[in-house]
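A look at the structure
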Amino acid sequence: MNPEKDFAPLTPNIVRALNDKLYEKRKVAALEIEKLVREFVAQNNTVQIKHVIQTLSQEFALSQHPHSRKGGLIGLAACSIALGKDSGLYLKELIEPVLTCFNDADSRLRYYACEALYNIVKVARGAVLPHFNVLFDGLSKLAADPDPNVKSGSELLDPLVLDIVTESNKFDLVGFIPLLRERIYSNNQYARQFIISWILVLESVPDINLLDYLPEILDGLFQILGDNGKEIRKMCEVVLGEFLKEIKKNPSSVKFAEMANILVIHCQTTDDLIQLTAMCWMREFIQLAGRVMLPYSSGILTAVLPCLAYDDRKKSIKEVANVCNQSLMKLVTPEDDEPDEPRPGQRQAETNPDDALPKQEGTASGPGGAVTPTERAPVTLHLDGIVQVLNCHLSDTAIGMMTRIAVLKWLYHLYIKTPRKMFRHTDSLFPILLQTLSDESDEVILKDLEVLAEIASSPAGQTDDPGPLDGPDLRTSHSELQVPTPGRAGLLNTSGLECSPSTPTMNSYFYKFMINLLKRFSSERKLLEVRGPFIIRSLCLLLNAENIFHSMADILLREEDLKFASTMVHALNTILLTSTELFQLRNQLKDLKTLESQNLFCCLYRSWCHNPVTTVSLCFLTQNYRHAYDLIQKFGDLEVTVDFLAEVDKLVQLIECPIFTYLRLQLLDVKNNPYLIKALYGLLMLLPQSSAFQLLSHRLQCVPNPELLQTEDSLKAAPKSQKADSPSIDYAELLQHFEKVQNKHLEVRHQRSGRGDHLDRRVVL
């Protein structure tokens, strides 16, 4: 510093003392400055006061010499003390150089700056509020200072400023929020602690409504919640808890929509505390805001669904996530669907955010994002994002079972509540729903079948063209299952075989579902073997059993893979004969009293011909014993294999089951059932000397008066149990069809084995 420079009105002694390295001498100089300034105040000499402050600021506090800077700081504090209540007139000039020293490399100097600012603020009190932002910025830096002495100094200054803010009603919260939003992202633990303490105090002040600005700082609060320090995490938990209490008390002033995505992000974090806290907030938001949260459904589901598969280590998160999921699902109502069938002009409804459904009663978004329970406001449910999220989670093979179940429940719920909107997405969902049938969990498969059954039976799915709308092409190629064109309204209407008018009408997707289900069984034989019966039995409960068997039989009639057709027919026949779910259908077939039941029998028979033994069992079920006998007579012309004999063996076992109790009782009426006994003897003659042979032989030994089998009267009589008299069934044509199908099977087997010399064993038509 230039010793010859004029620092008037500061005397040379004051200047020399301010530049001294000893604190005591600088303190003496400060007392002299205080005395000098008091005189100027008494004289109302503002010019000299400003000159003193400017000199201390420019020549000392901002000097290059460290001791000069220390002298300048203590001198500015002395000026403030001398000015007293008038210090507010000079605060800008007093504060700015002090704050500049907060960035000094010398920790002692930073400490003196903190001390000087304390004295300035203590005198000025409320007058410092117009300069609050720069003060807060400086305080946040001090709180993060690496020097413990500087930090301890800031801990004295911080409560002073807090007291001034809380006792004043002139605090500019609007101007403060941007700075708070910036500082809240600090990674320094002390700065974070400083920020949290300030937010906690401001939240407790009745005249300061920090809740209005919560969207600005909520993300930062969740960031701080993940701090490594337990004390900071605890403080942040308290702050978030206080805010949540305030939200519950005053939901009408909460900007739920502006915070929804923030919660979605933090619900997906790997930090358990952050995730649990965010999930709890999400639960409250959904319950308090109601339909306001619907536009954020896709994000919420992205965050919530994976949590449903958590184990007991994260049980709390899982439970809260489950509540969120259930609450969100309840918000979707039938009013969210299209009111009418979508027309070309309505196809854009889901992609235009300005479009809205009819206004909803209850909680809705009010002005500024607040929630006003008494208002009506339109909230449009956009399914594009929701379906995309559900599809993504269902496609992820690594996702947990409970998540997959929740996804399927959502799909089912959406098809029930908003079928018209959902059917726009059916073609994109259809492949993954079919793929899910291979899931390891029976519960997942059952939920999947519920969705597929709803798709297949919903009136909203009825279209003139059963082919894909805009999704992947699901129509069969040349090598896939051949698709006959559906008849009226999706009912099977092929080759004169119509579905029963008494059965429920399925939509266009029903037939597509049956085709693709059989296609999947064909490509995944293990699925058919392990889960096939479970899937078909479940479908018979969810849909109409007659429609299922009728459609599958009709499709298999056109199946080019004869080996698969035979296997599938055998599986269907076993289900038909043994499943409790098919009790009503068996009773319908057993008597063939109606034209509908006779048509069903003919449809099944034509496909059952792919497997000779199942064809006989169908005749036994329908009490067509004479035709069964005629079929067995043809067995002598077939290629008898080990598999064929094994199926005959299984049929014998079935005859001994409760399903065929009525058949065994009819053996007592030899006169009216001669062809039943002949058919059973025919089976007996086909069997080698095995356990099945012994079983059937013992059964036939119980038949009374076997000599009556050859009487002419029994041949001429029209047995009451025979169905041959029915004019609706052409048994000769059915027998001819059986021979034709078996010839095809024989040709295929010989082509595969390369033995064409045995084709003369075909059945002669």
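The protein chain has the name Protein VAC14 homolog in an unreviewed UniProt entry, where Aotus nancymaae is given as its organism. Word for word, the UniProt comment on the protein chain under Sequence similarities (unreviewed entry) is "Belongs to the VAC14 family."

**Examining the environment of Leu-562**
Looking at where Leu-562 falls in the secondary structure, it is placed in helix α26 (residues 562-578). For the pair formed by Leu-562 and Asn-611, sequence separation is 49 residues and the distance between their alpha carbons is 9.6 Å. Excluding residues within four positions of it along the chain, Leu-562 makes contact with His-610, Lys-744, His-745 and Val-748.

**Details of the nonpolar core**
Nonpolar side chains in soluble globular proteins tend to be buried together. With 249 residues, the main nonpolar core has Leu-221, Trp-281, Phe-549 and Phe-620 as its most contacted residues. The leading source of residues in this core is helix α14 (residues 272-289), at ten residues. Mapped onto the domain boundaries, this core takes at least three residues apiece from domain 1 (1-168) and domain 2 (383-461). What Phe-549 contacts, discounting residues up to four positions off in sequence, is Ile-536, Cys-540, Leu-572, Ile-575, Leu-576, Leu-582, Leu-585, Leu-604 and Trp-608.

**Some details on unusual backbone geometry**
At the junction of Ala-8 and Pro-9, the peptide bond is cis and its omega measures out at 10° in the coordinates. By the element assignment, Pro-9 lies in the segment before α1 (12-18). For Arg-125, which is not glycine, the phi dihedral falls at a positive 50°. On the basis of relative accessibility, which here comes to 29%, the residue Arg-125 falls in the partly exposed class.

**Side note on helix α33 (residues 674-686)**
Quick reminder: α-helices carry 3.6 residues per turn. Residues three or four places apart thus point the same way. Under the 1.5 Å per step criterion, the end-to-end length of α33 is 19 Å for 13 residues, consistent within 8% with the ideal 18 Å. For α33, the tally of buried residues reaches ten of 13 residues, placing the bulk of the element in the interior. Pro-674, Tyr-675, Leu-676, Ile-677, Lys-678, Ala-679, Leu-680, Gly-682, Leu-683 and Leu-684 are the residues of α33 that are buried.

**Digging into helix α11 (residues 214-225)**
With twelve residues, α11 extends 15 Å from end C-alpha to end C-alpha; this agrees with the ideal 16 Å at 1.5 Å per step. A large share of α11 lies buried, amounting to ten of its twelve residues. Buried within α11 we find Leu-214, Pro-215, Ile-217, Leu-218, Asp-219, Gly-220, Leu-221, Phe-222, Ile-224 and Leu-225. Those residues of α11 hidden inside the fold are in contact with α9 (173-183), α10 (189-204), α12 (230-249), α13 (256-266) and α14.

**Notes on the packing of aromatic side chains**
With the rule as written, the count across this model stands at 25 aromatic pairs. Relative to Tyr-112, the ring of Tyr-23 lies with its centre 5.9 Å away and its plane at 5°, an arrangement referred to as stacked. Residue Tyr-23 is located in helix α2 (residues 23-42), and its partner Tyr-112 is located in helix α6 (residues 107-124); the two are separated by 89 residues in the primary sequence. Residue class for Tyr-23 comes out partly exposed when judged on its relative accessible area of 31%. Note on Tyr-112: relative accessible area 12%, which makes it buried. Each residue in the set Phe-132, Phe-136, Phe-171, Phe-176, Phe-194 and Trp-198 is aromatic and connected to the rest through ring pairs, giving one cluster. Here Arg-26 stacks its cationic end above the ring of Tyr-112, 5.6 Å away from the centre of that ring.

**Remarks on the pattern of salt bridges**
In total, this model carries 29 salt bridges according to the counting rule given. A salt bridge links Glu-739 to Lys-634, with the shortest nitrogen-to-oxygen separation between them at 2.8 Å. Taken together, the residues span a long stretch of sequence, with Glu-739 in helix α36 (residues 731-753) and Lys-634 in helix α30 (residues 625-634) at a distance of 105 residues. The class for Glu-739 is buried, based on a relative accessible area of 7%. Ionic contacts of the salt-bridge type, sharing partners, join the residues Asp-137, Lys-141 and Arg-183 into one network.

**What to know about the layout of surface pockets**
Size it by volume and the largest pocket reaches roughly 670 Å³. Every residue lining the largest pocket is counted, 23 residues in all, and those nearest its centre are Ser-566, Thr-641, Asp-643, Glu-647 and Arg-749. At the level of elements, α26, α29 (612-621), α31 (642-655) and α36 are the ones that each hand at least two residues to the lining of the largest pocket. Sorting elements by how many residues they give to the lining of the largest pocket places α36 first, with six residues.

**What to know about the side chain of His-413**
Along the polypeptide, His-413 turns up in helix α18 (residues 401-417). For His-413, a relative accessible area of 15% corresponds to the buried category. Apart from residues no more than four positions distant in its own chain, His-413 is found in contact with Met-329 and Val-332.

**Brief notes about the confidence of the model for the protein chain**
Caution is warranted with low-pLDDT regions, since their predicted coordinates should not be read in detail. The predicted model of the protein chain has a mean per-residue pLDDT of 84, with 84% of residues at 70 or higher. Note that residues 755-765 has pLDDT below 50 and, in this model, 22 contacts with residues that lie over four places away or in other chains.

**With respect to the state of the cysteines**
One pass over the structure, following the stated rule, counts zero disulfides. Not part of a disulfide, Cys-602 finds its nearest cysteine sulfur in Cys-603, a span of 8.8 Å. Look at Cys-602 and you get buried, because its relative accessible area is 9%.

**Considerations on the packing of helix α4 (residues 66-83) against helix α5 (residues 91-100)**
Running from N to C, α4 and α5 point in directions that differ by 155°, and their axes come no closer than 10 Å. Taken together, the axes of α4 and α5 are roughly antiparallel relative to one another. Every pair of crossing elements has a handedness; the one defined by α4 and α5 is left-handed. Judged by residue contacts, Leu-73, Leu-76, Cys-79, Ser-80 and Leu-83 of α4 engage Leu-94, Pro-97 and Val-98 from α5.

**Here we look at the environment of Ala-127**
Secondary-structure assignment places Ala-127 in the loop between α6 and α7 (132-143). With a relative accessible area of 31%, Ala-127 lands in the partly exposed category. As for Ala-127 and Gly-88, which are separated by 39 residues in sequence, their C-alpha atoms are 5.3 Å apart.

**Some thoughts on the packing of helix α17 (residues 383-395) against helix α20 (residues 426-435)**
α20 packs onto α17 with a crossing angle of 20° between their chain directions and a minimal axis gap of 10 Å. It follows from the interaxial angle that α17 and α20 lie roughly parallel. Where α17 crosses over α20, the handedness of that crossing is left-handed. Residues Val-387, Asn-391, Leu-394 and Ser-395 of α17 form the contact with α20, whose participating residues are Ser-428, Leu-429, Ile-432 and Leu-433.

Reading guide: rules and limits
- Residues numbered from 1 in each chain as written.
- Predicted model: local features only at pLDDT ≥ 70, side-chain atom pairs only at ≥ 80, totals over all residues.
- Heavy atoms only, no water.
- UniProt positions renumbered as here; feature names shortened; annotations may be inferred.
- Helix = DSSP H or I, 4+ residues; strand = E, 2+ residues; numbered from the N terminus.
- Contact = heavy atoms within 4.5 Å.
- Core = buried A, V, L, I, M, F, W, Y, C linked by side-chain atoms within 4.5 Å.
- Buried < 20%, exposed > 50% of the residue type's maximum accessible area, 1.4 Å probe, protein only.
- Domains from an automatic or database assignment.
- Expected span 1.5 Å × (residues − 1).
- Phe/Tyr/Trp six-rings, centres within 6.5 Å; stacked < 30°, edge-to-face > 60°.
- Lys NZ or Arg CZ within 6 Å of the ring centre and 35° of its normal.
- Salt bridge = Lys/Arg side-chain N within 4 Å of Asp/Glu carboxyl O.
- 1 Å grid on protein atoms, 1.4 Å probe; cavity = no way out; pocket = protein on both sides within 12 Å on 5 of 7 lines; lining within 4 Å.
- Points joined across faces, edges and corners; volume = space filled by probe spheres on them.
- pLDDT = per-residue confidence, 0-100.
- Disulfide = S-S within 2.5 Å.
- Axes fitted to C-alpha atoms, helices over the stretch in contact; angles between N-to-C directions.
- Parallel < 35°, antiparallel > 145°, perpendicular 65-115°, else oblique.
- Left-handed = near helix turned anticlockwise from the far one by under 90°.

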